[in-house]
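Secondary and tertiary structure notes
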Amino acid sequence: MASEEELFASVDALLEEEPQLPPPTERARLREAAGITQARLAAALKTTTQSVKNYENGRSEPKEPRLSAYQRLLTGWAARFPAHGTPAAVPDPVSVSRPEPVAQTSSGPAATETPTAVERAVQAAPVPERPSTRPATSRPPAVRKAARAAADPRFPHGPLAVLDGDGCAYGIDGMVLDCPAATVVGLVEWTLKESGLGAGKLNRHGKDADPLIVLTAAAAVKLGLPERLEGHEQRRSLRLPEDHPVVKHVARARWQLTQRGFGPWARIYRTAQGRERQCVQLAILSWDALDERSWPGVTDMEAADIARVLGVYATRVITPRGSTAVSGLELMTALRPPTKAVQDPTSGNWVSGHNPGSLGTEPVDPAPPEATPEHPVVVNSGWTGGFLDEEAYQWVRDVSLLTDEECTLPYAVGLDLNTAFLAAAARLTVGLSAPDHFQAPQFNPKIPGSWRVDLSHVEGDPRLPSPFTPDGTRPTGPAWYQTHTVAYAQELGYNIQPIEAYLRRESGAYLDPWHDRLKTAYVDTLADLGVTKDLTDTEFLAAMEQHKQADPALAAVLAAIKATVKGGVGKLRERPQGRHYKEGERWPALERPTWRPDIRAAVISKARVNMHRKLANMVKLTGLYPLAVLSDCVVYPSPGDSPLAFLPYAASGKPQPGGFRLGPTPGLAKLEGVESMLWAVGLMEQGLNPARHIKGGDAVLDEGE
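Residues numbered from 1 in each chain as written. Predicted model: local features only at pLDDT ≥ 70, side-chain atom pairs only at ≥ 80, totals over all residues. Heavy atoms only, no water.

1. A look at the overall build of the chain
The test is simple: Under the DSSP-based scheme used, a helix requires at least four consecutive residues in state H or I and a strand at least two consecutive residues in state E, with every element numbered from the N terminus. For each residue, the accessible area found with a 1.4 Å probe, counting protein chains only, is set against the maximum for its type, and the residue is called buried under 20%, exposed over 50%, and partly exposed in between. By the convention used here, residues are in contact when the closest approach between their heavy atoms is within 4.5 Å. Note that accessible areas follow from Shrake-Rupley with a 1.4 Å probe, and for residues the cover is restricted to the protein chains shown.
Assigned secondary structure in the chain consists of 21 helices and 20 strands. For the chain, the residues scored as buried account for 49% of the 705 residues in total. The long-range share in the chain, meaning contacts at least 24 apart out of those at least 6 apart in sequence, stands at 71%. A total of about 34200 Å² of accessible surface is found on the chain, and carbon and sulfur atoms cover 51% of it.

2. Looking at unusual backbone geometry
Note the cis peptide between E64 and P65, where omega equals 0°. With respect to the helices and strands, the residue P65 is situated in the loop between α4 (49-57) and α5 (66-80). Of note in the backbone geometry, K46 takes a positive phi value of approximately 60° without being a glycine. Residue K46 is classed as exposed on the basis of its relative accessible area of 63%. Positive phi values are uncommon outside glycine, yet A440 reaches one of about 50°.

3. Thoughts on the side chain of R27
Along the chain, R27 turns up in helix α2 (residues 24-34). For R27, a relative accessible area of 4% corresponds to the buried category. With residues up to four places along the chain from it excluded, the contact list for R27 reads L21, P22, Y55, E56, S60, E61, Y70 and L74.

4. Re the nonpolar core
Which entries qualify depends on this criterion: As used here, the term nonpolar core means buried Ala, Val, Leu, Ile, Met, Phe, Trp, Tyr and Cys residues forming a set that is joined through side-chain atoms within 4.5 Å.
The biggest cluster of nonpolar side chains holds 89 residues, and the ones touching the most others in it are W514 and F660. W514 has contacts with G328, L331, M332, L335, L422, A425, T564, V565 and V569, leaving out every residue within four places of it along the chain.

5. Here we look at the sheet that holds strand β5 (residues 256-257)
Note the following rule: Should DSSP find at least two bridges between two strands, the strands are taken to pair. All axes here are fitted lines through C-alpha atoms, helices being fitted over the stretch that makes contact, and every angle between N-to-C directions spans 0 to 180 degrees.
Ordered by their spatial adjacency, seven strands build an open sheet running β3-β2-β1-β4-β7-β6-β5, and the pairing between neighbours is mixed. Every other strand in the sheet has two partners, leaving β3 (176-178) and β5 as the edge strands with one partner each. Set on the sheet, helix α7 (residues 184-193) makes contact with β1 (160-163), β2 (168-170), β3, β4 (212-215), β6 (265-273) and β7 (276-284); between it and β7 the angle comes to about 130°.

6. Some thoughts on the packing of helix α10 (residues 303-316) against helix α18 (residues 552-571)
Stated precisely, the cut-off is as follows: For this classification, under 35 degrees means roughly parallel, over 145 means roughly antiparallel, 65 to 115 means roughly perpendicular, and everything else is oblique. Left-handed describes a crossing in which the near helix is turned anticlockwise from the far one by less than a right angle; the clockwise case is right-handed.
It is the contact of α10 with α18, at a shortest axis distance of 9 Å, that shows an interaxial angle of 45°. Between α10 and α18, the angle falls in the class oblique. Where α10 crosses over α18, the handedness of that crossing is right-handed. The segment α10 lies against α18, with R308, V309, V312 and Y313 engaging A553, L554, A556, V557, A560, I561 and T564.

7. Quick look at the confidence of the model for the chain
Stated precisely, the cut-off is as follows: One number per residue, pLDDT, summarises how confident the predictor is, and it ranges from 0 to 100.
Looking at the chain as a whole, its pLDDT mean stands at 87, while 85% of the residues score no less than 70. pLDDT under 50 marks residues 88-150. Its contacts with residues more than four places away, or in other chains, come to 80 contacts.

8. Concerning the pattern of salt bridges
This is how it is decided: Salt bridges are defined as contacts in which a side-chain nitrogen from Lys or Arg sits within 4 Å of a carboxyl oxygen from Asp or Glu.
By the definition in use, this model includes 29 salt bridges. Between E374 and R575 there is a salt bridge, with the nearest N and O atoms lying 2.7 Å from each other. Of this pair, E374 sits in the loop between β9 (350-354) and α12 (376-379) while R575 sits in the loop between α18 and α19 (597-622), placing them 201 residues apart in sequence. On the accessibility criterion, R575 (32% relative accessible area) is partly exposed. R608 is the salt-bridge partner of E390, the closest N and O atoms lying 2.8 Å from each other. In this pair, E390 is assigned in the loop between α12 and β10 (394-396) and R608 in helix α19, connecting sequence segments 218 residues apart. Among the residues examined, E390 registers a relative accessible area of 2% and is labelled buried.

9. Brief notes about the environment of R293
Spelled out, the test is: Between N or O atoms, a polar contact is any pair within 3.5 Å; within protein, one atom must be a potential hydrogen donor and the other a potential acceptor, and residues adjacent in sequence are included only when both atoms are from side chains.
Of note, R293 is situated in the loop between β7 and α10. Each C-alpha atom, one on R293 and one on A559, is 8.2 Å from the other, the two residues being 266 residues apart in sequence. A polar side-chain atom of R293 sits 2.6 Å from a polar atom in the side chain of D291.

10. With respect to the packing of aromatic side chains
What counts, and what does not: Classification of ring pairs rests on two measures: the distance between centres of Phe, Tyr or Trp rings, Trp counted by its six-membered ring, which must be within 6.5 Å, and the angle between planes, read as stacked under 30 degrees, edge-to-face over 60 and tilted in between. The rule for a charge over a ring is simple: NZ of Lys or CZ of Arg within 6 Å of the ring centre, and within 35 degrees of the ring normal.
Going through the model one piece at a time under the given rule, you end up with 12 aromatic pairs. The side chain of R463 reaches across the aromatic face of Y625, ending 3.9 Å from its centre.

11. Quick look at helix α9 (residues 245-252)
The criterion, for reference: Directions from the helix axis toward the C-beta atoms define the arc.
Buried within α9 are the following residues: V246, V247 and V250. All buried residues of α9 fall inside an arc of 100° around its axis, so they share one side. Along α9, exposed side chains directed more than 90 degrees from the buried face belong to P245 and R252. On its buried face, α9 is in contact with α7, β5 and β6.

Here it is, written out as structure tokens:
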């Protein structure tokens with residue numbers, strides 16, 4: 001007979017095992033019996049509603065510490081709401097997660113421990129009239145299709161999937177596919193032949209999006225890839241060596257890799273057969289494919305939740321093809337394809353021809369003042385005539401210009417303009433052709449280009465930044481400006497006499513579809529987070545304060561959309577990378593038609609002019625002057641700790657036109673942060689920018705880089 005010590009050891013071993021949850025259908029029954037919604041349970045478990053759905057249909061299981069918390073909750077519910085025919089158990093006070101009283105001390109009355117969110121869900125659960133009697137089901141099928149019809153019948157399972165180590169490929173709308181692939185080559189072939197993944201073209205003249213497979217660390221290891229990609233070079237240049245077994249297997253199977261090789265984002269392809277593309281995009285999570293700054297918290301999510309985040313982004317923006325900056329640039333081309341089918345008048349055959357309104361298929365060299373100093377057109381020509389300096393604001397008011405009245409105000413309040421670069425891209429006319437040089441041209445605000453003009457005679461209020469320079473200082477002589485900047489000087493009533501200019505004969509609103517798609521994605525995602533257009537300003541501020549907690553997955557989508565905007569603009573002037581680059585050499589980015597620093601300059605110029613126009617209107621409407629500006633963030637002295645204390649409103653309560661307005665659409669403002677006026681003045685005296693720190697950390701300047 002076993003001794004007491006042996007029995008205790010066996011029992012302890014069982015206790016140390018991972019908690020076992022009841023079957024998925026029982027989990028759903030218990031929650032419904034408790035009268036708790038999936039959304040409320042998700043909030044208690046600090047996860048998403050989709051994860052709770054996955055727990056209840058058997059598609060995924062929670063991980064520690066969420067697993068123990070979930071089991072504890074289900075145990076408590078099981079004691080209260082036994083299955084039909086099972087006698088109710090009297091819950092034990094300790095095991096049902098009720099807070100225990102704390103003994104009193106001589107220093108004061110008894111205190112009780114604050115119950116956790118899960119405990120509150122148990123304690124607050126109402127007793128229903130009758131428990132749910134959902135029938136039990138067997139293991140879920142390999143595929144669960146979305147209730148809505150697929151946007152493209154060729155791709156019934158959506159644009160992408162996240163593959164985990166157990167062979168489950170999680171798609172959009174909670175769909176799960178069984179992937180039997182054991183090698184990268186097998187995965188590529190399964191994706192193209194069996195998965196039903198992909199996305200249709202965004203423009204009738206464009207191309208379908210390649211299917212994306214995102215690999216978790218476990219899936220990567222299962223397919224023969226290293227869990228981490230290490231090296232001394234910067235992360236984006238890391239890749240597997242050509243003699244790695246996986247790379248060699250890909251080559252033997254007659255698949256090809258793009259020039260960037262097998263890195264965090266790997267594209268594996270064969271030459272297209274007819275109208276069908278043979279290409280699969282892979283993203284390896286443990287190789288830092290998703291930058292934490294653009295996709296906050298996503299890599300730590302469960303596979304199903306990652307699929308939801310990327311799926312929403314792919315549906316609203318574009319299937320990711322690399323970083324958000326790369327995706328932002330690719331979106332421009334997808335919406336404005338360079339070619340379309342045209343009929344050859346001689347043969348009558350349909351051939352590929354130029355698509356009007358696009359940037360075409362060939363790269364165009366910029367004018368020397370639009371280029372960067374290391375560009376071949378500058379180095380090879382010996383250009384010394386200066387460069388465009390169209391960058392975002394970095395300005396702090398001179399402390400000596402602060403009035404006593406301003407210094408006695410208690411608060412400094414920061415306002416941030418929603419996706420200011422996106423707002424500037426709306427109805428923005430940019431050049432589509434190569435630049436031509438003109439001497440002493442007459443200024444025309446409708447012609448995009450770069451103008452050499454002397455704006456030093458334009459007078460301004462020293463309490464406002466100059467609209468013509470990023471640092472807000474007054475120009476000191478002739479300099480190069482983008483059309484929008486010069487047009488604003490003309491708008492202010494000054495005579496403009498250009499010395500020379502590089503202008504483009506063909507122009508158009510190239511970025512309009514890009515703006516429209518990203519604006520819709522941004523506004524719709526904010527609305528899903530509870531921030532809608534119909535809110536009052538007070539309700540808007542309250543909703544913005546809580547929106548990131550409402551749904552972490554959608555909050556990550558919102559962050560990615562914002563990163564797509566500024567990253568896409570930055571890619572228009574991508575600088576050379578790598579320690580082996582030599583000045584004057586062409587770098588890879590120059591070979592694409594979308595290397596267009598003039599378009600980037602146009603966006604930033606318009607954004608800065610828009611900011612200055614609002615600053616000037618605020619002076620007229622309120623008499624207030626800003627303390628500092630950093631890109632799209634402006635800090636004002638305020639009598640209260642809210643923008644409502646100083647923003648201009650009419651007697652009817654409606655916002656005054658022309659100044660800053662609160663709201664969820666691009667170009668409108670939201671609260672960035674609140675600090676004391678003493679804090680702001682202290683930073684200004686040190687030569688620091690309060691707009692960079694008012695959010696509670698160092699802000700990243702949105703240079704579009």
